[in-house]
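Chain by chain, the residues:
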Amino acid sequence: MSLDFSTLAAILAMAVATIATRLAGLLVLRFTVLSPRTRLILDAIPPAVLAAVVTPTALATGLAETIACVVTALAALRLPMLAAAAIGVVAVAILRHAGL
Amino acid sequence: MVETGQTARQDFLAGFWRMAPLIVAVMPIGLVFGAVAAGKGLSPLEVTLMSALVFAGGSQFVAMDIWTHPASWAGVGFAALLVNVRHVLLSASLGAKMKSFSGPQKVGAMLFLADEIWAIAELRAREARLTPAWYAGIVAPFYLAWVLTGLAGALLGRLIGDPALIGLDFAFPAVFIVLIMGFWKGRQTGLVLLASAASALAIHHFVEGAWYIAAGAVGGLAAAAISNPSREERP
């Protein structure tokens with residue numbers, strides 16, 4: 001088990017940067033009063049961030065991924081999370097093997 | 001708002017079960033991260049330290065992508081800031097829903113903020129009061145799974161095959177899509193999703209790096225702001 005000094009410094013730099021982003025939101029809340037309209041807009045954060053994270057996979061990776069995303073979304077209308085996500089994973093594996 | 005009226009232990013276990021699918025989904029990703037990091041020359045101890053202290057998968061993979069010998073703390077530190085700047089929005093949104101947390105509990109909870117934990121907690125906040133015990137129930141097993149599978153991946157190294165062959169790399173996008181469907185509230189949500197996806201796609205196409213996440217978030221929020229006009233505004 002080795003621990004290189006520059007690697008440790010890099011890990012700590014990443015940790016400090018990440019922790020700063022995690023706590024910054026609390027600071028924002030502490031020093032601002034949210035109006036009802038601002039709260040309504042903040043409610044859009046979850047879908048906005050999640051959509052941004054999955055967009056490259058859903059729309060810019062390949063046909064297999066795009067179709068599997070649609071399949072997952074349709075499955076989510078009826079099934080619990082684990083089942084719907086599992087169907088998505090199986091769908092993408094099958095579609096990739098089919099050469100899409 | 002429903003008061004759960006449960007003991008802390010029941011709350012913890014309820015959180016654990018709610019998180020179970022995501023714990024299963026994070027394991028292959030943790031293994032792959034460990035294997036990739038070992039391939040870049042990190043020791044199992046270094047891999048474990050990174051997963052335990054940073055605990056943010058996206059930025060850890062990006063760091064491996066740009067890893068140098070010796071490591072550049074400024075380079076990977078700035079990359080982590082860029083990839084994780086979305087946490088500011090996530091913690092502001094979730095922090096406003098932690099009414100039964102004390103100040104130190106809120107800070108402690110935020111130290112373990114990750115996309116998956118945040119999304120599940122946001123869903124919970126829509127149906128019941130978030131409690132520290134429930135939150136601990138979703139954090140503790142997920143955190144342990146991420147750190148331990150990272151270590152296992154580093155030790156097993158090359159034995160781990162390509163997860164894309166059996167579709168496991170798709171586990172998180174699939175979970176995120178299920179979560180998006182859970183946040184659906186009608187046309188308004190559709191507008192936010194469209195604006196976010198369009199901004200993210202454009203920036204992903206033209207700009208190198210993880211800027212597309214911030215761009216999509218800003219695009220989606222702008223759409224929400226425009227479709228919720230302020231009452232003070234004159235017609």
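Residues numbered from 1 in each chain as written. Chains lettered and ligands numbered in written order. Predicted model: local features only at pLDDT ≥ 70, side-chain atom pairs only at ≥ 80, totals over all residues.

### Quick look at the confidence of the model for chain A
In regions of low pLDDT, the predicted coordinates are not meant to be interpreted in detail. Confidence in the prediction of chain A, expressed as mean pLDDT, is 90, and 99% of residues score 70 or more. Of all secondary-structure elements in chain A, the lowest mean pLDDT belongs to helix H2 (residues 36-42) of chain A, at 79, while helix H4 (residues 63-78) of chain A reaches the highest, 95. (pLDDT = per-residue confidence, 0-100. Helix = DSSP H or I, 4+ residues; strand = E, 2+ residues; numbered from the N terminus.)

### What about the domain arrangement of chain B?
Residue and element names in this part refer to chain B. Domain annotation of chain B identifies domain 1 (8-166) and domain 2 (184-227). On a C-alpha basis, the centres of domain 1 and domain 2 stand 23 Å from each other. The partner domain 2 presents 5 residues to the 7 residues of domain 1 that form the contact. Where the side of domain 1 that touches domain 2 is concerned, the elements lending two or more residues are helix H3 (57-65), helix H4 (73-84) and helix H5 (86-95). (Domains from an automatic or database assignment. Contact = placed C-beta atoms within 7 Å.)

### Observations concerning the packing of helix H1 (residues 5-31) of chain A against H5 of chain B
Interaxial distance between H1 of chain A and H5 of chain B falls to 7 Å at its minimum, and their mutual angle equals 50°. The angle between the axes of H1 of chain A and H5 of chain B places the two elements in the oblique class. For the pair H1 of chain A and H5 of chain B, the crossing hand works out as right-handed. On H5 of chain B, the residues touching Thr21, Arg22, Leu23, Ala24, Gly25, Leu26, Val28 and Leu29 of chain A of H1 of chain A are His87, Val88, Leu89, Leu90, Ser91, Ala92 and Gly95 of chain B. Classifying every residue of the contact of H1 of chain A with H5 of chain B by side-chain character gives 9 nonpolar, 5 polar and 1 charged. (Axes fitted to C-alpha atoms, helices over the stretch in contact; angles between N-to-C directions. Parallel < 35°, antiparallel > 145°, perpendicular 65-115°, else oblique. Left-handed = near helix turned anticlockwise from the far one by under 90°. Nonpolar A, V, L, I, M, F, W, Y, C, P; charged D, E, K, R; others polar.)

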